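In case you want the letters, here they are:
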Amino acid sequence: MYRVKSWADAFGGDLYYIVTKYSGSLLLQKKYKDVEPTLKIKEVDGLDLVKKFSEEMQSMLGRKVEAVERLVEAAEDADLYHEFNSSLDINYYNAVLINEKDDKDNYVELGDEFILEPNEHFNNLLVNTTLSDIQLPTNVYNKDPDILNGVYMSEALNAVFVDNFERDPTLTWQYFGSSTGFFRLYPGIKWTPDENGVLSFDCRNRGWYIQAATSPKDIVIVVDISGSMKGLLLSIAKHTIVTILDTLGENDFVNIIAYNDYVHYVESCFKGILVQADRDNREHFKQLVDELQAKGVGTVNKALTESFRILREFRNAGQGGLCNQAIMLITDGAMEDYEYVFEKFNWPDRKVRVFTYLIGREVSFAQNVKWIACNNKGYYTQISTLADVQENVMEYLHVLSRPMVINHDHDIIWTEAYMDSALFASQAQSLLLMTTVAMPVFSKKNETRSHGILLGVVGSDVPLRELLKLAPRYKLGVHGYAFLNTNNGYILSHPDLRPLYKEGKKLKPKPNYNSVDLSEVEWEDVDETLRTAMINGETGDLSMDVKVPVDKGKRVLFLTNDYFFTDISGTPFSLGVVLSRGHGEYILLGDTSVEEGLHDLLQPDLTLANEWIYCITDIDPDHRKLSQLEAVIRFLTGEEADLECDEELVQEVLFDAVVTAPMEAYWTTLALNLSDEAEGGVDMAFMGTRAGLMRSALYVGTEKLSNRKFLTREDKESIFTMDHFPLWYRRAAEHPPGSFIYSIPFEDPSEGGLPEAVTVSTSVAVTVGGKTAIAAAVGVQIKLEFLQRKFWMATQQPNDTDCSDVDGLCPLNCQNDNLNCFLIDNNGFILVSKASKQTSKFLGEVDGSVMTQLLSMGMFKQVKMYDYQAMCKMPHHHHSGARPLLSPVYALLGALKWLITDFLIFFLEFNISGFWHTDNLADAHKHKKHDMLQPCDTEYPVFVYEPAIKETNGIIECGDCQKMFVVQQITNSNLLLLVVDAVCDCSNFPPVLLQPKEVKYIFLLVEVVLGCTVLVVYIFPTVN
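Note that the coordinates shown come from a computational prediction; the quantities given were computed from them, not determined experimentally. (Residues numbered from 1 in each chain as written. Predicted model: local features only at pLDDT ≥ 70, side-chain atom pairs only at ≥ 80, totals over all residues. Heavy atoms only, no water.)

**As for the packing of helix H7 (residues 232-246) against helix H12 (residues 389-406)**
- Closest axis-to-axis distance for the H7/H12 pair is 10 Å, and the angle between their directions is 50°. Relative to H12, H7 is oriented oblique. In this structure, H7 crosses over H12, and the sense of that crossing is right-handed. Along its contact with H7, which presents Ile236, His239, Thr240, Thr243 and Ile244, the element H12 presents Val389, Gln390, Val393 and Tyr396.
- Among the residues forming the contact of H7 with H12, the class breakdown is five nonpolar, four polar and no charged. (Axes fitted to C-alpha atoms, helices over the stretch in contact; angles between N-to-C directions. Helix = DSSP H or I, 4+ residues; strand = E, 2+ residues; numbered from the N terminus. Parallel < 35°, antiparallel > 145°, perpendicular 65-115°, else oblique. Left-handed = near helix turned anticlockwise from the far one by under 90°. Contact = heavy atoms within 4.5 Å. Nonpolar A, V, L, I, M, F, W, Y, C, P; charged D, E, K, R; others polar.)

The following block contains the structure:
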């Protein structure tokens, strides 16, 4: 034990000398200490901060609403003064045909020259910012009179599009989706059909169109599965149901009833109720509908009676959408008109509209089917082929919109988050997401006003990145962040939201990326106090002890977070701001002159966080090519008088530039006079401040760097971003100042290879008036081979050691075959081992016996973590229920199912579960391949060292032998030296693994009879 301690002390002392020297940490600490008397530390008022951010977001979103309102007014006025001309023949810019030429080098019809230029504001896509163009789905004829008249009328929007963009240069895409099917988009852009020459995008199917065109609705879909519906008819009926489901959103409620000899709920758990039409439920219904089979005789009267009963109960209870109610009857015919059913349940008020879809070419019973719709304020249509489904289903939206149209209710709608697929391959995950603000456009003509004619919907996209810019990172501290969610509880934006997953080498959107609940990212809010308050639009605060996963979930930070939240007025959104308790709630304020600070800003080793907003550079085209550092310098020198900059942040940068300026000279001197102890093993030094300022210096040539991605945009975790501080900064902030954190990178398995570099960092703290703030973090990157060499040198016994009084091995040496020596970090990952392939592996995988013993001794502890956005390989028979964890509603539904099916255990496998909305990102209703990934919940362990235990040793009973081990802490670091007997075979101990395990939920229902029946529901999470 003594010998191991001496090794640890020698190795630790050597390391500490090297990393302090080459990082310059002591110099930086001294420089901040020298200016402590001039510093102020301000405590952040989180509630004031979130209110201020909310007001700014409200103002920004208000400008988007004003732009849309101007488009609505222009479109309605244009229609008012336009007279329909059935023989109208005009040319227009067709988005597919523009710039296309025929064999004679002449522009094709509708394909004139349309100037397209790359535009940075639109992600360098080729666009025309002076004109819009027209896109039509393949199944809409581009010279149809309705299309030509609509296109001609809506040309009046061009001037408004341009004017809006000039008034608010932060606007992105603006558009008008016509009820006839054409889509006018500004700025104009070239559209390309798929490989089959088909352009399937139909604006009328998009969530923003449907939400704006209709009010919330309760829908019961009734489908005939009698024997006459076999074959193609049933396929058309199924496709009709799927299409109806795709027109529903989170504000709608739905159920599906199938009927033949009996009335069947396609999901027996949903008997007698309506469920929210969120994505998970819609996909679940699609799976069940796909399994329907036709047989028996139809009893439509019973199905209609059950449908009316459900809708009446929900209406009377004040549940559901509380607006429109409708029954969708899908059948190949009706023997009678069932007038007695409607007299009993729907007349005279006709609170429920009935829409009828006659499937097939047979018209024998068409009159009855039509009568049902026409006498219940609905709409009748006949669907003969699969190709007819889309157009015919969409008609019901126009009918449901009539009351709103007649009353001219221009409701503003905001969509859930969705992904702009144009940015898909080029942007960070957090920057992909958008929301849309949209409003309906009505006909104001007196002669048609009573008919309630919906002309279409106008909208504009709002990148959520633009909202987050209004919550500056520097005000939120090292671990702080801002997030947004909807009044349905879904996340709009959150740094832990992961909308993409990797399949092979390709990034793909997760099927449920825009229906991730707040409780699934802030999962320690077990009572849903935060979620409930934010859904209700409340203003307030609360505190939680949280476990924050970092470094690909391999490590964890233990924080106490203060949450502050409020609503964003005029929207369905709420804003949350999180500040970590302690240093996270302090802002460091220093003072320096512009002249002095500007001089130090010009040093070549200095950079600023380019994703942070020091100055607004994305509005004026002349500013867009400026880096944030260039913009700050031009602002300070007065070269760009019209630049708008955050003066508080710029002042912090100036101060940090002055305090950290000596680091450049220090590092340069070292680089010019490298001593033997470095031996080319130290690659670079770096530092960062809370203001996002970074400095770095190379000690080797660029070609000799062990990790060339470090501190570049290729390694987002190592730099300041909109979402987070660098990982080396965050980890150092939770470690005692002056003590170093050593991190070995975890390589992507798809890239292969072993890590070659180790990142070392420490924090620099300042204390003023009893308040301690983290001013900066500083460190070095060293070659792993250099660290290993130092380790083996320190763990050797000198060959001239006197061994006359020693039994056994002498000289004692880690290179001896009888010993295994490891250098591990505070999460149990191996930095040094005799077997190089063990580098970066978890100790428990390599030696389960020792890890098990360390856990039982309390030197390490296991922390349970959960990932509610995981993707798992699903077995062939998997059937997704896709419901939130421990939902009391679904527990109750499980209980109802038990009442029907006697006593059972119901296993519910929980899966959290374009240009514009990529709505149907996964055909979940189709059978999955065996190895296909699907959303799931996982539980996984993280192991953490208990630093109070400096050293320990033990003996492990391994059957025929005993295995001895010694563990010693390396001072001023997060490292441990582990020496283990290599002779005794302890393979009878299983490995301790880090693999995540899928969590499934068992609903156990128990009947207790004591004079009556009592239903007790227990919900148990289990891990496979």
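**Remarks on the pattern of salt bridges**
- Following the criterion strictly, the structure yields 35 salt bridges and no others.
- Between aspartate 14 and lysine 790 there is a salt bridge, with the nearest N and O atoms lying 3.6 Å from each other. Of this pair, aspartate 14 sits in helix H1 (residues 2-23) while lysine 790 sits in helix H23 (residues 784-794); the two residues are 776 residues apart in sequence, bridging distant segments of the chain.
- Taking the relative accessible area as the measure of exposure, aspartate 14 reaches 29% and is therefore partly exposed.
- Given a relative accessible area of 10%, lysine 790 falls into the buried group.
- The partner of aspartate 605 in a salt bridge is arginine 695, with the nearest N and O atoms 2.9 Å apart. Placement of aspartate 605 in the loop between helix H18 (594-601) and strand E27 (606-608) and of arginine 695 in strand E29 (residues 693-698) is noted, with a sequence separation of 90 residues between them. (Salt bridge = Lys/Arg side-chain N within 4 Å of Asp/Glu carboxyl O. Buried < 20%, exposed > 50% of the residue type's maximum accessible area, 1.4 Å probe, protein only.)

**Focus on the state of the cysteines**
- Taken as a whole and assessed by the stated rule, the structure comprises five disulfides.
- Between the sulfur atoms of cysteine 958 and its disulfide mate cysteine 986 the distance is 1.5 Å. One quick way to see it: the torsion about the S-S bond of cysteine 958 and cysteine 986 is about 60°, and its sign makes the bridge right-handed. Remark: cysteine 986 occurs in the loop between strand E40 (975-981) and strand E41 (997-1009) and cysteine 958 occurs in the loop between strand E38 (951-957) and strand E39 (962-969); sequence separation between them is 28 residues.
- For cysteine 986, a relative accessible area of 8% puts it in the buried group. (Disulfide = S-S within 2.5 Å.)

**Description of the side chain of glutamate 306**
- Looking at the secondary structure, you find glutamate 306 in helix H9 (residues 300-316).
- With a relative accessible area of 17%, glutamate 306 lands in the buried category.
- Dropping the residues within four chain positions of it, glutamate 306 is found in contact with Ile257, Val263 and Tyr265.

**Overview of the sheet that holds E40**
- Spatial ordering of the open sheet is given by E34-E33-E40-E39-E38, a layout of five strands whose pairing is antiparallel. Of all the strands in the sheet, just strand E34 (830-832) and E38 have a single pairing partner and so form its edges. Within this sheet the neighbouring strands show an average axis-to-axis angle of 30°, counted without direction. (Pairing = 2+ DSSP bridges.)

**Some thoughts on the packing of aromatic side chains**
- Within this structure, the stated rule accounts for 42 aromatic pairs.
- Ring centres of tyrosine 16 and phenylalanine 740 lie 6.0 Å apart, and the angle between their planes is 75°; on these two criteria the pair is classed as edge-to-face. Here phenylalanine 740 lies in the loop between helix H22 (727-733) and strand E30 (741-743) and tyrosine 16 lies in helix H1, a separation of 724 residues in the sequence.
- Overall, tyrosine 16 belongs to the partly exposed group, its relative accessible area being 26%.
- Since its relative accessible area comes to 1%, phenylalanine 740 is described here as buried. (Phe/Tyr/Trp six-rings, centres within 6.5 Å; stacked < 30°, edge-to-face > 60°.)

**Remarks on the sheet that holds E29**
- In space, the six strands of this open sheet follow the order E27-E29-E28-E32-E31-E30, with antiparallel pairing throughout. A single partner strand is all that each edge strand has here, and the edge strands are E27 and E30. This sheet shows a mean twist of 25° between the axes of neighbouring strands, independent of strand direction.
- With three bridges joining them, E27 and E29 adopt antiparallel strand pairing. What sits directly across from leucine 608, in E29, is leucine 693.
- In the packing of helix H20 (residues 647-660) onto the sheet, contacts are made with E27, strand E28 (682-689) and E29, and the angle to E29 comes to roughly 30°.

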